Amino acid sequence: MHSAVFLDRDGTVNEEVGYLRDLDDLRLIPGAGAAIKRLNEAGLKVVLVTNQSGVARGYFPEALVHEAHERLERMLRKEGARIDAVYYCPHHPTAGNSNYTRACDCRKPGTGLIDSAARDLLIDVNRSYVVGDKWSDVELGQRAGAGSILVQSGFADDDPGNVRSPLVNEPDFIAHSLLEAADWIISRLKNGVP
């Protein structure tokens, strides 16, 4: 079984721009490529897990999500980094009026994306981490049984789209960037701390 780092996309790997409707707005956060490269070199699986409710809301087609991920992976490869797999949720429980407007278990903080990745990639979730810029990412990690790291590179704490549930405990670590989070994870694993 593998250890993994489950990364949120927007605000964690690439700059937060709201709903990514134009691929020209897709830009890596400085240091994100180096961080992912370090995780790769440490032997960790790196898996992108992202909510993309813009599909359900009708803001963009699902094909744009695939194009964005392909472009993101090309950008990371130029920095010597790789994503082992991408899992996304195109749904929203109430927004929009399409087949994507429905309750599901894959919308974070539901664990469906991690459950699928763990099964597909033979990941031991209890020896893995979730890294993201929102409290829903922290909650995802806690629900799944993984460590959780909140990065301060995307949504602000007081942003209305970043509400902390009263059921969510403090994250295992708060990092200023994905690079700081990667170094913290690697340090813990080197010291035998899952």
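Above this text you will find the structure in question.
The following paragraphs examine the structure supplied in this document. Everything quoted here is computed from the prediction, not taken from an experiment.

**So, the nonpolar core**
Next, step 1: Counting 37 residues, the largest nonpolar core has Leu7, Val13, Ile36, Val131, Ile149, Leu178 and Ile185 as its most contacted members.
Next, step 2: Those elements giving two or more residues to this core turn out to be strand E1 (4-7), helix H1 (32-41), strand E2 (45-51), helix H3 (62-78), strand E4 (129-132), strand E5 (147-151), strand E6 (173-175) and helix H6 (178-190).
Next, step 3: A total of six residues in this core trace back to one element, the largest contributor, which is H6.
Next, step 4: In contact with Val131, not counting residues within four places along its chain, are Val5, Phe6, Leu7, Asp8, Thr12, Ile149, Val151, Leu178, Ala181 and Ile185.

**Here's the deal with helix H5 (residues 135-144)**
Next, step 1: When you tally the buried positions in H5, you get eight out of ten residues, the bulk of the element.
Next, step 2: For H5, the complete set of buried residues consists of Trp135, Ser136, Asp137, Val138, Glu139, Leu140, Gly141 and Ala144.
Next, step 3: Here the buried face of H5 lies against E2, helix H4 (112-121), E4 and E5.
Next, step 4: Remark: Gly145 follows H5 within two positions and exhibits a positive phi of approximately 90°.

**Here's the deal with the packing of H1 against H6**
Next, step 1: Axis separation between H1 and H6 bottoms out at 8 Å; the angle between their running directions is 15°. Classified by the angle their axes make, H1 and H6 are roughly parallel. For the crossing formed where H1 meets H6, the hand is left-handed. Only Leu178, Leu179, Ala182, Asp183 and Ile186 of H6 make contact with H1, whose side of the interface consists of Ala32, Ala34, Ala35, Ile36, Arg38 and Leu39.
Next, step 2: Residues that form the contact of H1 with H6 fall into these classes: nine nonpolar, no polar and two charged.

**Describing the packing of aromatic side chains**
Given two aromatic rings, their pairing is described by the distance between the two centres and the angle made by the two planes.
Next, step 1: Within the structure shown, the criterion is met by three aromatic pairs.
Next, step 2: Ring geometry for Tyr129 against Trp184: centres 5.9 Å apart, planes inclined by 80°, an arrangement best described as edge-to-face. Here Trp184 lies in helix H6 and Tyr129 lies in strand E4, a separation of 55 residues in the sequence.
Next, step 3: Using a relative accessible area of 17% as the deciding quantity, one classes Trp184 as buried.
Next, step 4: With 4.7 Å between their ring centres and 0° between their planes, Phe173 and Trp184 make a pair best called stacked. Taken together, the positions of Phe173 in strand E6 and Trp184 in helix H6 put the pair eleven residues apart, joining distant regions of the chain.

**Quick look at the sheet that holds E1**
Next, step 1: On the basis of which strands lie adjacent, the open sheet formed by six strands has the order E3-E2-E1-E4-E5-E6 and parallel pairing. Each edge of the open sheet is held by one strand with a lone partner, namely strand E3 (85-89) and E6. On average, each strand axis in the sheet is tilted by 20° relative to the strand beside it, whichever way the strands run.
Next, step 2: Across five bridges, the pairing between E2 and E3 is parallel. The partner of Asn51 across the bridge, within E3, is Cys89.
Next, step 3: Along the sheet, H3 makes contact with E2 and E3, crossing E3 at roughly 150°.
Next, step 4: Of the strands in this sheet, E1, E2, E3 and E4 touch H4, which is tilted by about 155° from E3.

**Quick notes on the environment of Ser187**
Next, step 1: Within the secondary structure, Ser187 is located in helix H6.
Next, step 2: Distance in space between the C-alpha atoms of Ser187 and Pro109 is 26 Å, their sequence separation being 78 residues.

The rules behind the values
Residues numbered from 1 in each chain as written. Predicted model: local features only at pLDDT ≥ 70, side-chain atom pairs only at ≥ 80, totals over all residues. Heavy atoms only, no water. Core = buried A, V, L, I, M, F, W, Y, C linked by side-chain atoms within 4.5 Å. Buried < 20%, exposed > 50% of the residue type's maximum accessible area, 1.4 Å probe, protein only. Helix = DSSP H or I, 4+ residues; strand = E, 2+ residues; numbered from the N terminus. Contact = heavy atoms within 4.5 Å. Axes fitted to C-alpha atoms, helices over the stretch in contact; angles between N-to-C directions. Parallel < 35°, antiparallel > 145°, perpendicular 65-115°, else oblique. Left-handed = near helix turned anticlockwise from the far one by under 90°. Nonpolar A, V, L, I, M, F, W, Y, C, P; charged D, E, K, R; others polar. Phe/Tyr/Trp six-rings, centres within 6.5 Å; stacked < 30°, edge-to-face > 60°. Pairing = 2+ DSSP bridges.

Any functional reading would require information beyond the geometric quantities listed.
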